[in-house]
Amino acid sequence: MTVAVPSYNQGRFLEQALTSIFEQNVPVEVFVLDGGSTDNSLEVISRWKDRLAGHRSHKDEGQAASINEGIGRGTAKYVCWLNSDDWFLPGALSRLVEAAEAQPKAPMVYGRCWNHYEETGSRKAVWVQPFSERRLALRCIISQPATLIRRTAWERVGGVDPTLHMTMDYDLWWRLYKTSGAPHFIEDFVAVNRVHEATKTANNRRLHYREAIYLVHRHHGSVPLKWWLAQPYAVWWKSLIRRISFH
């Protein structure tokens, strides 16, 4: 399995991410794509370098380009990426591989995921649902850290779109579905998404919604009313709650 780990100044989280990958009971080839960090990231990478299939640290073209680079350097049948502030749960990858092997026509498989709130240490389940186009048009029902993609399907769509900054994963699910069929869902919790004050989504809600609405219109043909109702709530109210939570 090929795992790309894009990272930039996330040294305080990178150790846990890499540990969670190498503690999986499946063979992995791991590529760390660091964007030229100035924190302790290089020290963490150095500790793991003998187990990495590849690593580099320099200014790059952003997260999506780094993901494409890492997966492109690998050769395994299945691919995924793990952001350096997230982590896999024990046995996650073997459960995803088992599901993928049992569903050979599915371009990808995905499971459930926890949101871990760094400020409080609490957890809440991410909104993940069994797949349907209607559900995907209403919201992103697939949580990226909890996914595994067949390399043939990944290569068919050309990976993630480097022109997107906030919704590259949402766009990828649409393109995989449109070109290769519906993904397969499993009920298992397989990953943890870390929520902290430096995350892109928390800091760019307006751009996030703008990109998401554009993608739904492009891939689904129309934008459900829910998006227009949810956008002002998410931009204003959630931003207010975030400021209260992190200060």
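What you are looking at is a predicted structure, and each value in this text was computed from that prediction instead of being measured. (Residues numbered from 1 in each chain as written. Predicted model: local features only at pLDDT ≥ 70, side-chain atom pairs only at ≥ 80, totals over all residues. Heavy atoms only, no water.)

Brief notes about the side chain of Asp 86
Looking at the element boundaries, Asp 86 is found in the loop between strand 4 (78-81) and strand 5 (87-88). Buried within the structure, Asp 86 lacks any salt-bridge partner; its nearest side chain of opposite charge belongs to Arg 194, at an N-O separation of 5.9 Å. At 3.0 Å, the side chain of Asp 86 forms a polar contact with the backbone nitrogen of Arg 194. Non-local contacts of Asp 86, meaning those with residues more than four positions away in its chain, are made with Ala 17, Gln 144, Pro 145, Val 192, Asn 193 and Arg 194. (Helix = DSSP H or I, 4+ residues; strand = E, 2+ residues; numbered from the N terminus. Buried < 20%, exposed > 50% of the residue type's maximum accessible area, 1.4 Å probe, protein only. Lys, Arg positive; Asp, Glu negative; His and termini not counted. Salt bridge = Lys/Arg side-chain N within 4 Å of Asp/Glu carboxyl O. Polar contact = N/O pair within 3.5 Å; in protein donor to acceptor, adjacent residues only side chain to side chain. Contact = heavy atoms within 4.5 Å.)

Let's talk about the nonpolar core
Ranked by internal contacts, the top residues of the largest apolar core, which has 36 residues, are Trp 154, Tyr 170, Leu 172 and Trp 173. Ranked by the residues each element gives to this core, the list is headed by helix 7 (residues 168-180), at six residues. Setting aside residues no more than four positions away along its own chain, Trp 154 makes contact with Ile 67, Asn 68, Ile 71, Val 79, Trp 81, Ile 149, Gly 159, Val 160, Leu 172 and Leu 176. Formed by 32 residues, the second largest nonpolar core is a distinct cluster that contains Val 30, Leu 52, Phe 88 and Val 109. (Core = buried A, V, L, I, M, F, W, Y, C linked by side-chain atoms within 4.5 Å.)

Quick look at the pairing of strand 1 (residues 2-7)
Remember that side chains alternate between the two faces of the sheet whenever the strand is regular. Extensive coverage of strand 1 is indicated by the burial of six of its six residues. Burial along strand 1 is two-sided: the face carrying Thr 2, Ala 4 and Pro 6 and the face carrying Val 3, Val 5 and Ser 7 are both buried. By the bridge criterion, six bridges tie strand 1 to strand 2 (residues 29-34) in an arrangement that is parallel. Counterpart to Ala 4 in the pairing with strand 2 is Phe 31. A crossover connection joins strand 1 to the parallel strand 2 through helix 1 (residues 11-22); in handedness this β-α-β unit is right-handed. Where strand 1 and strand 4 come together, three bridges link them in parallel fashion. (Pairing = 2+ DSSP bridges. Right-handed = clockwise from strand over helix to strand, strands pointing away.)

Re helix 4 (residues 92-102)
Looking at helix 4, one finds that the buried residues are Ala 92, Leu 93, Leu 96, Val 97, Ala 99 and Ala 100. Down the axis of helix 4, the smallest arc covering the buried residues is 160°, so these residues share one side. Projecting away from the buried face of helix 4 at angles above 90 degrees are the exposed residues Glu 98 and Ala 102. The inward-facing, buried residues of helix 4 abut strand 4, strand 5, strand 6 (108-117), strand 8 (147-150) and strand 9 (184-195). (Arc of directions from axis to C-beta.)

Description of the environment of Gln 103
Mapping Gln 103 onto the fold places it in the loop between helix 4 and strand 6. The spacing of Gln 103 and Pro 183 is 80 residues in sequence and 9.2 Å in space, taken between C-alpha atoms. Aside from chain neighbours lying at most four places away, what touches Gln 103 is Arg 150 and His 184.

A few points about the environment of Val 97
Within the secondary structure layout, Val 97 lies in helix 4. Expressed as a C-alpha distance, the spacing of Val 97 and Ile 149, which sit 52 residues apart in the sequence, is 9.5 Å. Sequence-distant contacts of Val 97, defined by excluding residues within four places in its chain, comprise Met 1, Tyr 78 and Leu 148.

Some remarks on the environment of Val 26
As for its placement among the helices and strands, Val 26 is situated in the loop between helix 1 and strand 2. For Val 26, a relative accessible area of 16% translates into the label buried. For the pair Val 26 and Ser 94, spaced 68 residues apart in sequence, the C-alpha to C-alpha distance is 6.1 Å.

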